[in-house]
Amino acid sequence: MHELAIASSLVETLAERFRERPKTRITAVYLRLGPLAGVVESALRAAFEVAALGTLAEGARLEIEHTSLKVRCHICGHEQALADPAEDGEDIRLSCLVALPEVCPQCSAPVLDLVEGDELDLVAAEVIENEQASDVRTTTD
Amino acid sequence: MNKQVTFEQRLTERNDARAAELRRRFAAAGVVVVNLMSSPGAGKTTLLSATLAALSPEPAGVVIGDLATDNDAQRLRTVTPWVRQITTGTLCHLEAAMVEEAIADWELSQLRYLFIENVGNLVCPANFDLGERARVVLFAVTEGEDKPEKYPPILYRADLVLLAKSDLLHPLAFDEQRFVVAVRRVNPRVPILTLSARTGEGLGSWLDWLRTLHPTGRPGSSDRVQAS
Ligand SMILES: [Zn+2]
């Protein structure tokens, strides 16, 4: 379950960015995930839910954009994106291999390098700077 | 009011930063660090024993990540005094901070090589940079020709693929070409070396490859190059 380590790191990064503004609440987190990221989406979602408990990101929505594989020919430089991004990392481990072309469609060179597909990125977060709500809570408590 | 805050960074940024700092330290100390990854039982420890013995008297250290036992560390202590075990418990991979802590009191400049024997697992370690100079993924002949197909992420990032236990190629009728094709589909240009720690076959090429990792690499010190 390395997804838990990754999710914890994500939550720490988020907390660090808003350290000076402790009343900030995160409502959504935007990620970019490639088929070669080596991360299973369902495991990452479950891990994030746990890692976010009691933090500013508790209950935040995870919005995950899946990227596809891109190969480049090292002879002619032709680039090609492969098929549709799959739904979950578990499926991708096998399916991306099946999808890889054996030769360059432009010059038939036999060697294609994977140049994109290992994205594991924190793109953005959607936040509420929740001054009022927090004030209300402290007075009613 | 909702507002978008941009990050645009790797999810593993914190570990990556730690690893980058380690990489600077390793380079400054002149030690070549190799992150060795495989499934459990593929033969990492056996290979390392043979490698350290063959490299001797060049000083080499080993950091071993293991879920619980100390057996691998005990075996390696017979070939080098520089052995540290990291017991990861339930954690399925090593992280840069763990390596940093394990070697905190070592004078790195005394070492020429440092091998990190990662936790036996070909999935989880793929995401965690340890500050290594090179990532080596090891498969054993006993694991079958198609094993690489199941682990594209770790292969994609590999600098070298080793096919170990080559003394069993014939007994098991292992189709080496099929193995090579499986690796090449994910990583078309990664070098692949076949070797056996038991018979010593291929060990020379592996040592050559290690020596090229030094900025002052001396591939000429091996038998293969001398012969040519
Ligand atoms: Zn081409």
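Rules used throughout
Residues numbered from 1 in each chain as written. Chains lettered and ligands numbered in written order. Predicted model: local features only at pLDDT ≥ 70, side-chain atom pairs only at ≥ 80, totals over all residues. Heavy atoms only, no water. Buried < 20%, exposed > 50% of the residue type's maximum accessible area, 1.4 Å probe, protein only. Helix = DSSP H or I, 4+ residues; strand = E, 2+ residues; numbered from the N terminus. Pairing = 2+ DSSP bridges. Contact = heavy atoms within 4.5 Å. Buried area = accessible area lost by both parts, 1.4 Å probe. Salt bridge = Lys/Arg side-chain N within 4 Å of Asp/Glu carboxyl O. Axes fitted to C-alpha atoms, helices over the stretch in contact; angles between N-to-C directions. Core = buried A, V, L, I, M, F, W, Y, C linked by side-chain atoms within 4.5 Å. Patch = residues over 30% accessible without salt bridge, like charges linked within 9 Å, V, L, I, M, F, W, Y side chains within 5 Å. Areas by Shrake-Rupley, 256 points an atom, 1.4 Å probe, with all protein chains shown as cover. Donors = N, O, S within 2.8 Å, 3.2 Å for Na, K, Ca; no water. Tetrahedral: all angles 85-135°; square planar, octahedral: opposite > 155°, others 65-115°.

(A) Summary view of the pairing of strand E6 (residues 134–140) of chain B. All names here are of chain B. For E6, the tally of buried residues reaches seven of seven residues, placing the bulk of the element in the interior. On E6, burial covers both faces: Ala 134, Val 136, Leu 138 and Ala 140 on one face and Arg 135, Val 137 and Phe 139 on the other are all buried. Of the pairings in the sheet, the one linking strand E2 (residues 32–37) to E6 comprises four bridges and is parallel in character. Across the sheet, residue Val 34 finds its bridge partner in E6, namely Ala 134. Bridging between E6 and strand E7 (residues 160–164) involves five bridges; their strand directions are parallel. Paired with Val 137 across the two strands is Val 161, which belongs to E7.

(B) Expanded view of the interface of chain B and chain A. Chain B puts 30 residues into the contact, and the matching count from chain A is 48 residues. Note on chain B versus chain A: buried area summed over both sides is about 3600 Å², and carbon and sulfur give 54% of it. Contact with chain A buries area across many residues of chain B, yet B:Phe7, B:Leu11 and B:Arg185 alone supply 23% of it, more than any other trio. Between the two partners, chain B and chain A, sit six salt bridges.

(C) Local environment of the sheet that holds strand E5 (residues 112–116) of chain A. All names here are of chain A. Strand order across the open sheet formed by three strands is E4-E3-E5, with antiparallel pairing between neighbours. Among the strands making up the open sheet, the edge pair consists of strand E4 (79–82) and E5. The mean inter-strand angle of the sheet, taken between neighbouring strand axes irrespective of direction, is 35°.

(D) Summary view of the nonpolar core. B:Phe115, B:Val136, B:Leu162, B:Trp206, B:Trp209 and B:Leu210 are the most contacted members of the largest nonpolar core, which totals 32 residues. Looking at this core, the elements that each hand over two or more residues are E2, helix H2 (44–55), strand E3 (60–66), helix H3 (71–76), strand E5 (113–117), E6, E7 and helix H7 (203–212) of chain B. Every residue in contact with B:Trp206, bar those within four places of it in the chain, is listed here: B:Leu47, B:Thr51, B:Phe115, B:Val136, B:Leu160, B:Leu162, B:Leu193 and B:Leu195. Counting 31 residues, the second-largest nonpolar core is a separate cluster that includes A:Val11, A:Ala47, A:Leu62 and A:Val127.

(E) Layout of a nonpolar patch on the surface. All names here are of chain A. Among the surface-exposed residues, Leu 4, Val 50 and Leu 53 lie close enough to one another that they form a single nonpolar patch of about 280 Å² accessible area. Along the chain, Leu 4 falls in helix H1 (residues 2–17). Look at Leu 4 and you get partly exposed, because its relative accessible area is 37%.

(F) Representation of the coordination of the zinc ion. All names here are of chain A. Of the protein atoms, only Cys 73 (SG), Cys 76 (SG), Cys 104 (SG) and Cys 107 (SG) coordinate the zinc ion, at distances of 2.3 to 2.4 Å. Here the zinc ion is ringed by four donor atoms whose angles at the metal span 105 to 117°, and the overall shape comes out tetrahedral. Mapped onto the polypeptide sequence, the residues donating to the zinc ion form the spacing pattern C-x2-C-x27-C-x2-C. Judged by its relative accessible area of 1%, Cys 73 falls in the buried class.

(G) View of the sheet that holds strand E6 (residues 120–129) of chain A. The strand order E2(A)-E1(A)-E6(A)-E1(B) describes an open sheet built from four strands, whose pairing is mixed. Taken across any chain shown, the strands that pair with only one partner, and hence form the sheet edges, are strand E2 (61–66) of chain A together with strand E1 (2–10) of chain B. Averaged over all adjacent pairs, the angle separating strand axes in this sheet is 20°, with direction ignored. Where strand E1 (residues 24–33) of chain A lies against E6(A), nine bridges are found, and the strand directions are antiparallel. Each residue of the ladder has a partner; that of A:Arg25, found in E6(A), is A:Ile128. Sheet strands touched by H1(A): E1 and E6 of chain A together with E1 of chain B. Its angle to E1(B), the strand with the most contacts, is close to 125°. Along the sheet face, helix H2 (residues 41–52) of chain A touches E1 and E2 of chain A and points at about 155° away from the line of E2(A).

(H) Layout of the environment of A:Cys107. Residue and element names in this part refer to chain A. With respect to the element layout, Cys 107 can be found in the loop between helix H3 (89–99) and E5. We classify Cys 107 as partly exposed; its relative accessible area is 32%. Here the alpha-carbon distance between Cys 107 and Leu 44, two residues 63 residues apart in the chain, equals 40 Å. Aside from chain neighbours lying at most four places away, what touches Cys 107 is Cys 73, Ile 75 and Cys 76.

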